[in-house]
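What follows is the residue order along each chain.
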Amino acid sequence: MWGGRFSEGPSQVMEEINASIDFDRHLYAQDIAGSKAHCAMLMKQNIITQEDGNAILDGLDTIQQEIDAGSFTFNRSLEDIHMNIEARLTELIGEAAGRLHTARSRNDQVATDFKIWVRDAIDDLDESVKALQSVLIDIADQHTETILPGMTHLQLAQPITLGHHMLAYVEMFGRDRSRLSDCRKRLNECPLGSGALAGTAFPIDRQQTAQALGFDGPTANSLDSVSDRDFAVEFLAAGSLLAVHLSRMAEEIVLWCTDQFQFVRLSDSFSTGSSMMPQKRNPDAAELVRGKTGRVFSALMSLTTTLKGLPLAYSKDMQEDKEPVFDAAQTLKVCLLAMQGMLEGAKFNTAAMKAAANKGFVTATDFADWLVREKGMAFRDAHHVAGALVKKAEDKGCQLDQLSLEDIQAIAPAATDDVFSVLSVESSVNSRSSEGGTAPANVKKAVADARRRFLK
């Protein structure tokens, strides 16, 4: 490819460190699409002849079919996907193939290919996150009144509904989709036509190629166009937060599967056993979702580290941008599918959830609120009284609603029989009817709202 300047080829070691075809072959569809758009523009601008252009387009279609069919031979000595395709095009149509690279550099070519690939990956992930949200919303719809203990510090805090809990993750994943959408909007400018770094002297039409490839328009600065990998970093940053949310949910599934919780049982297809202990039933799918989060984080760190010291415009270091992005996208995809599969086959133990919610004095706040609402007590004073009542229940080895009225009046003399109406977990969740609260009536409305916001 650069034989005019060099008298000998690269050493075997140089070829090994320089070749990217082992991973950038994943860009073949995007590379062919970009080449076809570029070729059509060159034809329209009379930069190449119609005859040569048609031969190029036909040859690119043939190459696409060969790669799709698995019959294409990739050659590491040709370095990358761009030169592998160009070499095969030359075999197919001869000299005309050399005209395709007119007014184009591999720098703007790969930037365009990579942007299209990331854009496609965002669209694919968005559909997967949406599918996961749909499963979560369905679970929430089925469990608007199922009570479980809400926790802070992993300690029993206040009773909530399972539907409310599931919808919390729907909101998290909704923000993930919003971030991916924002990333897509920002990246949707086409670098093609920027050349190596300074543009080109040929009378190209960048608007045409941008439109043909689904971009909003061409990039504004040729130097920035070939240097920019912000879109890849932003994709990995959004992906890292998505991985965080998947990992948090996976952690709860791991906990809920334990004998200590017994809140959920995963299907056999998403559980594993032990090679030694026949009784074991391990939530390995959830553990792997949690564990694979590190791969996504490392991809973000890898790419930002690669970019931090690079001067404008293009440096070969930027070849290191693709592997972490490809790996992170694939990791997120499989984790989303695993999470969806786990939840679709999960069986929730509502009795165990309810039993756990009836422990730990989780209605103590409701008692304090009752003192404020019914007896006009300042909340800080009511908080102190409620704390004393919890201590009394602890000493007696019972829950708050199992205390006698005399026990309660010994701590809060103004208490009356109607105090018991706020001490059950059912009354507690039903009372949390403020906007965004856990009350079953709220959850039913939130389910309908979530379907409208996220699934249409």
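Everything below is about the structure printed above this text.
Everything numeric here is computed off the predicted structure, so don't read it as measured data.

About the thresholds
Residues numbered from 1 in each chain as written. Predicted model: local features only at pLDDT ≥ 70, side-chain atom pairs only at ≥ 80, totals over all residues. Heavy atoms only, no water. Disulfide = S-S within 2.5 Å. Buried < 20%, exposed > 50% of the residue type's maximum accessible area, 1.4 Å probe, protein only. 1 Å grid on protein atoms, 1.4 Å probe; cavity = no way out; pocket = protein on both sides within 12 Å on 5 of 7 lines; lining within 4 Å. Points joined across faces, edges and corners; volume = space filled by probe spheres on them. Helix = DSSP H or I, 4+ residues; strand = E, 2+ residues; numbered from the N terminus. Nonpolar A, V, L, I, M, F, W, Y, C, P; charged D, E, K, R; others polar. Patch = residues over 30% accessible without salt bridge, like charges linked within 9 Å, V, L, I, M, F, W, Y side chains within 5 Å. Areas by Shrake-Rupley, 256 points an atom, 1.4 Å probe, with all protein chains shown as cover. Salt bridge = Lys/Arg side-chain N within 4 Å of Asp/Glu carboxyl O. Lys, Arg positive; Asp, Glu negative; His and termini not counted. Charge placed at Lys NZ, Arg CZ, Asp CG, Glu CD. Phe/Tyr/Trp six-rings, centres within 6.5 Å; stacked < 30°, edge-to-face > 60°.

Concerning the state of the cysteines
And step 1. Applying the stated criterion across every chain yields a total of zero disulfides.
And step 2. Among the cysteines around C39, which has no disulfide bond, C190 carries the closest sulfur, lying 15 Å off.
And step 3. Judged by its relative accessible area of 0%, C39 falls in the buried class.
And step 4. C183 carries a free sulfur, and the closest cysteine sulfur to it, the one in C190, is 16 Å from it.
And step 5. C183 sits in the buried class, given a relative accessible area of 0%.

Here we look at empty space enclosed by the protein
One water molecule sets the probe size; rolling that probe over the atoms shows where empty space is left.
And step 1. Counted under the stated rule, the structure contains one cavity of 30 Å³ or more.
And step 2. Along the walls of the largest cavity sit H165, M166, Y169, M249, E252, I253, W256, V264, L266, L343, A346 and F348, which together make up its complete lining.
And step 3. Residue assignment for the lining of the largest cavity shows that the elements contributing at least two residues are helix 7 (162-187) and helix 10 (230-256).
And step 4. A per-element tally of the lining of the largest cavity places helix 10 first, with four residues.
And step 5. Split into classes, the residues belonging to the lining of the largest cavity amount to ten nonpolar, one polar and one charged.

Some words on a negative patch on the surface
And step 1. Taken together, E189, D216, D224 and D230 make up a surface patch of like negative charges.
And step 2. The residue D216 is located in the loop between helix 8 (206-212) and strand 4 (217-218) in this model.
And step 3. What makes D216 exposed here is its relative accessible area of 65%.

A closer look at the pattern of salt bridges
And step 1. According to the stated counting rule, one finds 31 salt bridges in the structure shown.
And step 2. When the shortest N-O distance is used, the salt bridge between K316 and E79 registers 3.8 Å. Here E79 lies in the loop between helix 4 (50-69) and helix 5 (81-93) and K316 lies in the loop between helix 11 (284-307) and helix 12 (322-344), a separation of 237 residues in the sequence.
And step 3. Two residues, R99 and E95, come together in a salt bridge whose shortest N-O distance is 3.6 Å.
And step 4. Taking relative accessible area as the criterion, R99 reaches 36% and is therefore assigned partly exposed.
And step 5. Taken together, the shared-partner salt bridges connect E79, D80, R106 and K316 into one network.

A closer look at the packing of aromatic side chains
And step 1. Tallied over the full model, the rule gives eight aromatic pairs.
And step 2. A centroid spacing of 5.5 Å and a plane angle of 70° characterise the contact between F114 and F231, whose relative ring orientation is edge-to-face. Here F114 is found in helix 6 (residues 106-142), whereas its partner F231 is found in helix 10, with 117 residues between them in sequence.
And step 3. Look at F114 and you get buried, because its relative accessible area is 0%.

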